[in-house]
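Structure at a glance
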Amino acid sequence: MVQPFSSLVTSQAWRHDVEAWVHDRVEESGRRLSGPLDQVRVRPWSTQLTVPTDHGRLWFKANTPSMGFEPALHQLLATLSPDDVAAPVAIDPVRGWMLTADRGPTLGEVRNPTTDDWVRLIQHAAALQRRVADRRDELVGLGVHDCSPPRVPERFDSLVEQLSNLPAGHPSRLRPDDLAALEDRRADLVEAAVVLERSPVPSSLQHGDVHPDNAFADLKVFDFGDVQWAHAVEVLRVPFGIISQDDTVEWGPVRDAYFEVWGDVADRRTMAALFEATAFTQAVNRCLVWVDTLQLADADEIAEWGVAPRHQLMRVVDA
């Protein structure tokens, strides 16, 4: 039986290895540890530990294998776009480990994000996409999923089959009425994928979870475990979902700020049509992220998080 990720990262042997690695990397960076490491968060997909040093706090992060590409990706993005991504202090790309400097509170921790905060954040996300749009082979080579539009219909079929075959009682097992509803929208999904494939806006890095708690106050984004290589406009879907539930933020200026970054490639009407099409593709691709996320979850974690794959895939019905 495969050991759950959360059990692995709370084991004494794992902690011993981490502390040895962190000690060496801290020393190599010209710092010294000033206290014990504190494991502040454990999830089915990652864990974070704080690392006190004589030059300020560092953060250690370890990912489940399906997201093990994040440290190498983070390092690459910091090299390609240092204005948008802060470089890590050290990484272990084989084990999916990363050590980063504490850059202070997130944008969401500093204040309740305003429309202007969201505008600036989405502009940064779009600028990063444009800088790496020609780097597909590098990013996919690191382990990032290729979720570009041509691959979405086949992935949809695969996910439908996978969720249909989950054990009875699993919260993401598809019911017969789910299957019928999804099949009714498959043709629309295929059409949306074709629209995106033929669009002037390319596939690029799709952060997957852009929001003010995944960016520091200086707007440098982090948390790249959900990244996919997908149609660029999909990046708007998470902000749209959050802002739609927040009556203090206006969606229109945020949407328009993103459209403007691509203004030399596509006009506003085209961008609006692409955004509508991403309601289908992003739902499928987000389902894939959750399936990966829960690969090494234990029974309690499945009870807490296990409905997410079904929830995401069923968004195709409402697209």
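Right above here is the structure, for reference.
The structure displayed is predicted, hence computed values, not measured ones.

**Remarks on the overall build of the protein chain**
Tallying secondary structure elements over the protein chain gives 13 helices and eight strands in all. Relative to a compact globule of 319 residues, whose C-alpha radius of gyration would be 20 Å, the protein chain shows 20 Å and is just as compact. Over its C-alpha atoms, taken along the principal directions, the protein chain stretches across nearly 60 × 50 × 40 Å. Each of the 319 residues in the protein chain was classed as buried or not, and the buried ones make up 52%. Entry remark: accessible area of the protein chain is about 14500 Å², with carbon and sulfur atoms responsible for 49%. Of the side chains in the protein chain, 31 bear a positive and 49 a negative charge, and the two mean positions are spaced by 2 Å.

**Things to note about the packing of aromatic side chains**
Taken as a whole, this structure holds 12 aromatic pairs when the rule is applied. Ring plane angle 35° and centroid distance 5.8 Å describe the contact between Trp251 and Phe275, whose orientation is recorded as tilted. Remark: Phe275 occurs in helix H11 (residues 268-293) and Trp251 occurs in helix H10 (residues 251-261); sequence separation between them is 24 residues. Here Trp251 and Phe275 have matching classes, each one buried. Here a set of aromatic residues connected by ring pairs shows up, and it is made of Trp14, Trp21, Phe60 and Trp97. Directly above the aromatic system of Phe275 lies the positively charged group of Arg237, at a separation of 3.8 Å from the ring centroid.

**Topic: the pattern of salt bridges**
Using the criterion set out here, one finds 27 salt bridges in the structure. Its salt-bridge partner being Arg131, residue Asp84 comes within 2.3 Å of it at the nearest N-O pair. Pair noted here: Asp84 is in the loop between helix H3 (70-80) and strand S4 (90-92) and Arg131 is in helix H5 (residues 115-132), with a separation of 47 residues, a long-range link. For Arg103, the salt bridge identified is with Asp218, shortest N-O distance 2.7 Å. On the criterion of sequence distance, the pair formed by Arg103 in the loop between strand S5 (97-101) and helix H4 (107-110) and Asp218 in the loop between strand S7 (203-206) and strand S8 (228-231) is long-range, its members being 115 residues apart. Judged by relative accessible area, which is 37%, Asp218 ranks as partly exposed. Ionic contacts of the salt-bridge type, sharing partners, join the residues Arg111, Asp116, Asp117 and Arg120 into one network.

**Some remarks on H3**
In terms of burial, H3 is largely enclosed, as eight of its 11 residues are buried. What H3 keeps buried is the set Glu70, Pro71, Ala72, Leu73, His74, Leu76, Leu77 and Ala78. In the core, the buried residues of H3 are packed alongside strand S3 (58-63), S4, S5, H5, helix H6 (136-141) and S7.

**Details of the side chain of Gln129**
Mapped onto the fold, Gln129 is located in helix H5. The residues contacting Gln129, other than those within four sequence positions of it, are Ser204, Leu205, Gln206, Ala232, Val235, Tyr258 and Trp262.

**Description of the packing of helix H7 (residues 152-164) against H11**
As a packed pair, H7 and H11 sit with axes 10 Å apart at the nearest point and diverge in direction by 50°. By the angle between their directions, the pair H7 and H11 is classed as oblique. Crossing geometry of H7 relative to H11 is assigned as left-handed. Residues Val152, Arg155, Phe156, Leu159, Gln162 and Leu163 of H7 pack against Thr281, Val284, Asn285, Cys287, Leu288 and Val291 of H11. For the contact of H7 with H11, a count of residues per class yields eight nonpolar, three polar and one charged.

**Some remarks on the pairing of S3**
Counting buried residues in S3 gives five out of six residues, a clear majority hidden from the surface. The sheet contact formed by strand S2 (residues 46-51) and S3 spans six bridges and is antiparallel. Bridging from a neighbouring strand, Ser46 pairs with Asn63 of S3. Two strands pair when backbone bridges link them, and S3 and S5 are joined in this way by five bridges, in the antiparallel orientation.

**Observations concerning the sheet that holds S8**
Strand order in the open sheet formed by three strands is S6-S8-S7, with mixed pairing between adjacent strands. One side of each edge strand has no neighbouring strand; the edge strands of this open sheet are strand S6 (145-146) and S7. Sheet topology places S7 next to S8; four bridges connect them, and they run antiparallel. Bridged to Leu205 within S8 is Trp229. Contacts from H5 reach S7 and S8, with the element oriented near 130° to S7.

What counts as what
- Residues numbered from 1 in each chain as written.
- Predicted model: local features only at pLDDT ≥ 70, side-chain atom pairs only at ≥ 80, totals over all residues.
- Heavy atoms only, no water.
- Helix = DSSP H or I, 4+ residues; strand = E, 2+ residues; numbered from the N terminus.
- Rg over C-alpha atoms; globule rule 2.2 N^0.38 Å.
- Buried < 20%, exposed > 50% of the residue type's maximum accessible area, 1.4 Å probe, protein only.
- Areas by Shrake-Rupley, 256 points an atom, 1.4 Å probe, with all protein chains shown as cover.
- Lys, Arg positive; Asp, Glu negative; His and termini not counted.
- Charge placed at Lys NZ, Arg CZ, Asp CG, Glu CD.
- Phe/Tyr/Trp six-rings, centres within 6.5 Å; stacked < 30°, edge-to-face > 60°.
- Lys NZ or Arg CZ within 6 Å of the ring centre and 35° of its normal.
- Salt bridge = Lys/Arg side-chain N within 4 Å of Asp/Glu carboxyl O.
- Contact = heavy atoms within 4.5 Å.
- Axes fitted to C-alpha atoms, helices over the stretch in contact; angles between N-to-C directions.
- Parallel < 35°, antiparallel > 145°, perpendicular 65-115°, else oblique.
- Left-handed = near helix turned anticlockwise from the far one by under 90°.
- Nonpolar A, V, L, I, M, F, W, Y, C, P; charged D, E, K, R; others polar.
- Pairing = 2+ DSSP bridges.

In short, shape yes, function no, at least from these values alone.
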